[in-house]
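A closer look at the structure
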Amino acid sequence: MDYSKFISATAAKKKPSGISEMRKFLVNSSPSLVWLASGMPNPDRFPFKDVKVELDDGATLHITEDPLKAALQYGPSPGYLPLVSQLKTMVERDHAPPRWSECDLVVTVGAQHGVCSALHVLLNPGDYVVLPEPCYSDVLCMLSGMDLQYLAIENDEEGMCPDHLRATLNRAITSGQGGVPKAMYVVPSACNPTGTTMSHKRRSQIYAIAHEFDIIVLEDDAYYHLQYDDEDNLPPSFLSLDVDGRVLRFDSFSKIISAGLRVAYVTGPKPLTDAILTQMHSSIICGPMLSQVLVSELLKEWGEEGLKRHTAKLRKFYRSQRDAMVLAASTHLTGLCEWAIPKGGIFLWLKVIGVKDTTDMLMERGVTHNILLIPGREFSVDSSKPNQYMRAAFSCVTPEQMMRGMENLAGLIRKEIDLQNNQD
Ligand SMILES: Cc1ncc(COP(=O)(O)O)c(C=O)c1O
């Protein structure tokens, strides 16, 4: 594929860092080379001696000597090299990308940073971008101010609808405004906010359309490990289907190891990951190395089986949280709201039947009823339209709190319906 047409004008003009280019002279360098090139602080002057982290299974990660030196110093922009190599092994094992030899992987500061960098690397003002409706709200924040044109695609119980996608693309192209989108953003598994997961068939249909219209797919799979179905029967990722080399896949440790460590990674065609790297180097130099060393040591300690055991436990926990939330909703919201049972993730997406828009109800009157959820408008590509939806997160509340919360919510909705009826 010719990637140059996908790279934004600013990314194409971005100058790579001279200092990081010089690092290549360090590879297999002569021991007598005197390296006066980089501006690293002297690691012997750092106040840390070693780092010990106790795990909940009783094991201890002890970071000393070489990994500690790397953890405290500036590191390579693509990430701590042992971690990069572990992640590549994982991606190859889990996704077997058809064009693996043409792919590369870059560690990012959360998937958020990866997606945001990719959007800036790809899109010029005026470009079209394809988004699911509803869409992860922070992506809408990232896109705001970039002067883009949005093609919002309806979702059904399996995510983005292929028929609507095709019709929207055809309309954009024939409108004569040059509307050929460069990029499409998807959250294929346990989507935020809807909780829907695309089936294998749906993913293949969407990928085929991306191929037909020559669009880069940004696959944000932040909830990949929180799909409640049998881990050995997960639908293939877009990266697994990517015979063209048009998928940038974003993985994250936020939901499975720690959100505060800010360790995630983007995988995809090297020309695109290289452009992200250049963008990253100029903005952050490298991600937090201590976090990356910690994740690397943890993955080493656990091995493939340990990670599997850990994610299986997580899925069991979140599935029981989901069940408790659905029970609370059934108990108190039946007749007031509609919802689909999420197949993964941490959200229940509720449609309020008798309320035209949930924004004022939640933002102005929710707190006085002791309940807070995010109004649907936050996730709407066109936030000027009334929106009957809202998102409830069930990750951090107890079943008892869920029951109380849904009861409070029911009271709030009933009052809102009365208020609306009095205004009409
Ligand atoms: C769909 C989606 N993508 C990305 C993120 C951010 O992930 P990270 O913490 O890795 O930046 C979130 C966080 O909630 C999310 O829901």
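Residues numbered from 1 in each chain as written. Predicted model: local features only at pLDDT ≥ 70, side-chain atom pairs only at ≥ 80, totals over all residues.

1. Considering the overall build of the chain
Helices and strands together make up the secondary structure of the chain, namely 13 helices and 14 strands. Here the C-alpha radius of gyration of the chain, 23 Å, is about what a compact globule of 424 residues would show, namely 22 Å. Dimensions of the chain, computed from the C-alpha atoms along their principal axes, are close to 85 × 60 × 40 Å. Expressed as a percentage of the 424 residues in the chain, the buried residues total 42%. Partitioning the intrachain contacts of the chain with sequence separation of at least 6 by distance along the chain shows that 73% fall at a separation of at least 24. (Helix = DSSP H or I, 4+ residues; strand = E, 2+ residues; numbered from the N terminus. Rg over C-alpha atoms; globule rule 2.2 N^0.38 Å. Buried ≥ 20, exposed ≤ 12 C-beta atoms within 10 Å, placed from the backbone. Contact = placed C-beta atoms within 7 Å.)

2. Overview of the packing of helix α11 (residues 289–333) against helix α13 (residues 399–423)
How two helices pack is summed up by the angle between their axes together with the distance between the axes. Interaxial distance between α11 and α13 falls to 8 Å at its minimum, and their mutual angle equals 30 degrees. The angle between α11 and α13 falls in the class roughly parallel. As for how α11 packs across α13, the hand of that crossing is right-handed. Along its contact with α11, which presents Ala 324, Met 325, Ala 328, Ala 329, Thr 331, His 332 and Leu 333, the element α13 presents Pro 399, Met 402, Met 403, Met 406, Glu 407, Leu 409 and Ala 410. By residue class, the composition of the contact of α11 with α13 is 11 nonpolar, 2 polar and 1 charged. (Axes fitted to C-alpha atoms, helices over the stretch in contact; angles between N-to-C directions. Parallel < 35°, antiparallel > 145°, perpendicular 65-115°, else oblique. Left-handed = near helix turned anticlockwise from the far one by under 90°. Nonpolar A, V, L, I, M, F, W, Y, C, P; charged D, E, K, R; others polar.)

3. A word on the environment of Leu 83
Tracing the chain through its elements places Leu 83 in helix α4 (residues 81–95). A tally of 27 C-beta atoms within 10 Å means that Leu 83 is categorised as buried. In sequence terms Leu 83 and Ile 353 are 270 residues apart; their C-alpha atoms lie 48 Å from each other. With residues near it in sequence (within four places) discarded, Leu 83 still touches Val 107, Gln 292, Val 295 and Ser 296.

4. Some words on the pairing of strand β9 (residues 247–252)
For β9, a buried count of 6 out of 6 residues is recorded, marking the element as mostly surrounded by other parts of the structure. Alternating positions in β9 separate into two faces, Val 247, Arg 249 and Asp 251 on one and Leu 248, Phe 250 and Ser 252 on the other, with burial throughout. Note: strand β8 (residues 216–220) against β9, 4 bridges, orientation parallel. If you follow Glu 219 over to β9, its bridge partner there is Arg 249. (Pairing = 2+ DSSP bridges.)

5. Focus on the site of the ligand
Around the ligand, the neighbouring residues are Gly 110, Ala 111, Gln 112, Tyr 136, Val 187, Asn 192, Asp 220, Ala 222, Ser 252, Ser 254, Ala 259 and Ala 264. Top element by residues in the shell around the ligand is helix α5 (residues 110–122). It accounts for 3 residues. Considering only residue class, the shell around the ligand consists of 6 nonpolar, 5 polar and 1 charged. (Near = placed C-beta within 6 Å.)

6. Examining the sheet that holds strand β14 (residues 389–393)
Strand order in the open sheet made by the 4 strands is β11-β12-β14-β13, with antiparallel pairing throughout. With one partner strand each, in any of the chains shown, β11 (337–339) and β13 (374–375) form the two edges of the open sheet. In terms of strand pairing, β11 meets strand β12 (residues 347–352) through 3 bridges, oriented antiparallel. By the bridge assignment for β12, Glu 338 is matched with Lys 351. Here α11 sits on the sheet in contact with β11, β12 and β14, set at roughly 150 degrees to β11.

7. Points about the domain arrangement of the chain
When cut into domains, the chain gives domain 1 (4–42 + 77–304) and domain 2 (311–423). Each of domain 1 and domain 2 has a C-alpha centre, and the two are 30 Å apart. At the level of secondary structure, the elements contributing two or more residues to the side of domain 1 that touches domain 2 comprise β4 (128–133), α6 (137–143) and β5 (149–156). Residues that form the side of domain 1 that touches domain 2 fall into these classes: 12 nonpolar, 8 polar and 4 charged. (Domains from an automatic or database assignment.)

8. Some words on unusual backbone geometry
With the exception of glycine, the majority of residues adopt a negative phi angle, and the majority of peptide bonds are in the trans configuration. Each neighbour pair has its own omega, and for Glu 133 with Pro 134 the value is 5 degrees, a cis peptide bond. Its location among the elements puts Pro 134 in the loop between β4 and α6. Put simply, Asn 192 and Pro 193 share a cis peptide bond, and its omega is 15 degrees. Secondary-structure assignment places Pro 193 in the loop between β7 (183–186) and α8 (200–213).

9. A closer look at the sheet that holds β8
Strand order in the open sheet made by the 8 strands is β3-β10-β9-β8-β7-β4-β5-β6, with mixed pairing throughout. On the outer flanks of this sheet lie β3 (103–108) and β6 (159–160), each paired with one strand and no other. Where α4 meets the sheet, it contacts β3 and β10 (264–269), and its direction lies at approximately 125 degrees from that of β3. The sheet contacts of helix α7 (residues 162–174) involve β4, β5 and β6, and relative to β5 the element is tilted by about 160 degrees.

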